[in-house]
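Below are the chains, spelled out letter by letter.
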Amino acid sequence: MYPASNKKLFQDIVQTKGLIVSDYPIGTKPVAGNFPARNRIVSGLSDGVLIVEAAKKSGTMITAQTALDQ
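Residues numbered from 1 in each chain as written. Predicted model: local features only at pLDDT ≥ 70, side-chain atom pairs only at ≥ 80, totals over all residues. Heavy atoms only, no water.

Things to note about the side chain of Thr-66
Position of Thr-66 relative to the elements: it lies in helix H3 (residues 59-69). Thr-66 sits in the buried class, given a relative accessible area of 16%. If we skip the residues at most four places from it in the chain, Thr-66 touches Arg-40 and Ser-43. (Helix = DSSP H or I, 4+ residues; strand = E, 2+ residues; numbered from the N terminus. Buried < 20%, exposed > 50% of the residue type's maximum accessible area, 1.4 Å probe, protein only. Contact = heavy atoms within 4.5 Å.)

The structure is reproduced here in structure tokens:
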């Protein structure tokens, strides 16, 4: 999981029968190219996406476009 500081949160979610959703198997290394797929899941599960500030070429804008496409 990424960042590593989320390990306890991950364990808590699993122990309480929560759900972890990913396109990638557990243990997949954090690679920048994987983040847009993750953000597609986040925006797809959300009722809305609010962008307050973002660079023109950023993961935030990729997420915003993904949300609009969905």
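Let's talk about the environment of Ala-4
Tracing the chain through its elements places Ala-4 in the segment before helix H1 (7-15). Taking the relative accessible area as the measure of exposure, Ala-4 reaches 61% and is therefore exposed. Residues Ala-4 and Ala-54 lie 50 residues apart in sequence; the distance between their C-alpha atoms is 24 Å.

Section: H3
In an α-helix, one full turn covers 3.6 residues, which means residues spaced three or four apart are oriented alike. Three or more residues of H3 are buried, namely Thr-63, Ala-64 and Thr-66. Mapping the buried residues of H3 onto a view down its axis gives an arc of 160°, with all of them on the same face. Facing away from the buried side of H3, by more than 90 degrees, are the exposed residues Leu-68 and Asp-69. The elements touched by buried residues of H3 are helix H2 (35-45). (Arc of directions from axis to C-beta.)

Let's talk about the side chain of Asn-34
As for its placement among the helices and strands, Asn-34 is situated in the loop between H1 and H2. Under the relative-accessibility criterion, Asn-34 is labelled buried at 18%. Contact partners of Asn-34, with chain neighbours within four places excluded, come to Tyr-24, Thr-28 and Lys-29.

Comments concerning unusual backbone geometry
Its identity as a non-glycine residue notwithstanding, Lys-17 has a phi of 60°, on the positive side. As for its placement among the helices and strands, Lys-17 is situated in the loop between H1 and H2. Note on Lys-17: relative accessible area 78%, which makes it exposed.

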